[in-house]
Amino acid sequence: MARVIKALAGIAAIGLAAVLLPAVILPAAGPAQSARVVFAKTPDPADLPEGLSIESWDGHFAVLQGVDAAAARRLYAWGALIVYPIRPSGCIPAAA
């Protein structure tokens, strides 16, 4: 039984890391880009932090343009649960 609980805890930890890792990587990702933002409660889009534009919005989930590390911090202060970058390749760009 203890092995099953440890295995489930390990699977849950891997799943949580897969969701949270992009949010940790965003500040190191470089210039502003699109980001998916998850909110616990529906904020007023009119109060969106300055410099960001909305690509899509359904209340609890949004895709925003112009998100960099400073904008991500403002979004977290505004009530976002998670902010993670959207990349067409799904990879961190290589440093030039």
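Bear in mind that the values here come from a model prediction, so they are computed numbers and not experimental data.

Reading the values: rules and limits
- Residues numbered from 1 in each chain as written.
- Predicted model: local features only at pLDDT ≥ 70, side-chain atom pairs only at ≥ 80, totals over all residues.
- Heavy atoms only, no water.
- Pairing = 2+ DSSP bridges.
- Helix = DSSP H or I, 4+ residues; strand = E, 2+ residues; numbered from the N terminus.
- Axes fitted to C-alpha atoms, helices over the stretch in contact; angles between N-to-C directions.
- Contact = heavy atoms within 4.5 Å.
- Phe/Tyr/Trp six-rings, centres within 6.5 Å; stacked < 30°, edge-to-face > 60°.
- Buried < 20%, exposed > 50% of the residue type's maximum accessible area, 1.4 Å probe, protein only.
- pLDDT = per-residue confidence, 0-100.
- Patch = residues over 30% accessible without salt bridge, like charges linked within 9 Å, V, L, I, M, F, W, Y side chains within 5 Å.
- Areas by Shrake-Rupley, 256 points an atom, 1.4 Å probe, with all protein chains shown as cover.
- Salt bridge = Lys/Arg side-chain N within 4 Å of Asp/Glu carboxyl O.

Spatially, the four strands line up as an open sheet ordered 2-3-1-4, and their pairing is antiparallel. A single partner strand is all that each edge strand has here, and the edge strands are strand 2 (53–57) and strand 4 (80–85). Each strand axis lies, on average, 25° off the axis of its neighbour in the sheet, ignoring direction. Pairing analysis gives five bridges linking strand 1 (residues 33–39) to strand 4, with the strands arranged antiparallel. Considered in strand 4, the bridge of Arg36 is made with Tyr84. Seen against the sheet, helix 2 (residues 69–78) touches strand 1, strand 2, strand 3 (61–67) and strand 4 and runs at an angle of roughly 160° to strand 4.

Think of a pair of aromatic rings as described by two things: how far the centres are apart, and how the planes are tilted against each other in angle. Counted by the stated rule, this structure contains three aromatic pairs. Centre to centre, the rings of Phe39 and Trp57 are 5.6 Å apart; their planes meet at 35°, and the pair counts as tilted. Of this pair, Phe39 sits in strand 1 while Trp57 sits in strand 2, and the two are 18 residues apart along the sequence. Since its relative accessible area comes to 23%, Trp57 is described here as partly exposed. Measuring from ring centre to ring centre gives 6.4 Å for Trp57 and Trp78, while their planes differ by 55°; the resulting arrangement is tilted. Of the two residues, Trp57 sits in strand 2 while Trp78 sits in helix 2, which places them 21 residues apart along the sequence. Three or more aromatic residues joined by ring pairs make a cluster, and in this case those are Phe39, Trp57 and Trp78.

Further remarks concern the confidence of the model for the protein chain. With 74% of its residues at a pLDDT of at least 70, the protein chain reaches an overall mean of 78. Looking over the protein chain, one finds the lowest element-wise mean pLDDT in helix 1 (residues 2–25), namely 77, and the highest in strand 3, namely 89.

Let us look at the pairing of strand 3. Strand direction decides the pairing type here: strand 1 and strand 3, joined by five bridges, are antiparallel. Bridge assignment links Ala35 to a residue of strand 3, and that residue is Leu64. Relative to strand 3, strand 2 runs antiparallel, the two being bridged by four bridges. The residue bridging Ser56 from the neighbouring strand is Val63, located in strand 3. Where strand 2 folds back on strand 3, the antiparallel hairpin that results is connected by three residues, among which Gly59 adopts a positive phi of roughly 105°.

We now examine a nonpolar patch on the surface. A grouping of Val4, Leu8 and Ile11 is seen on the molecular surface, where their side chains present a nonpolar patch of about 300 Å² in accessible area. With respect to the secondary-structure elements, Leu8 resides in helix 1. Residue classification places Leu8 among the exposed positions, given a relative accessible area of 52%.

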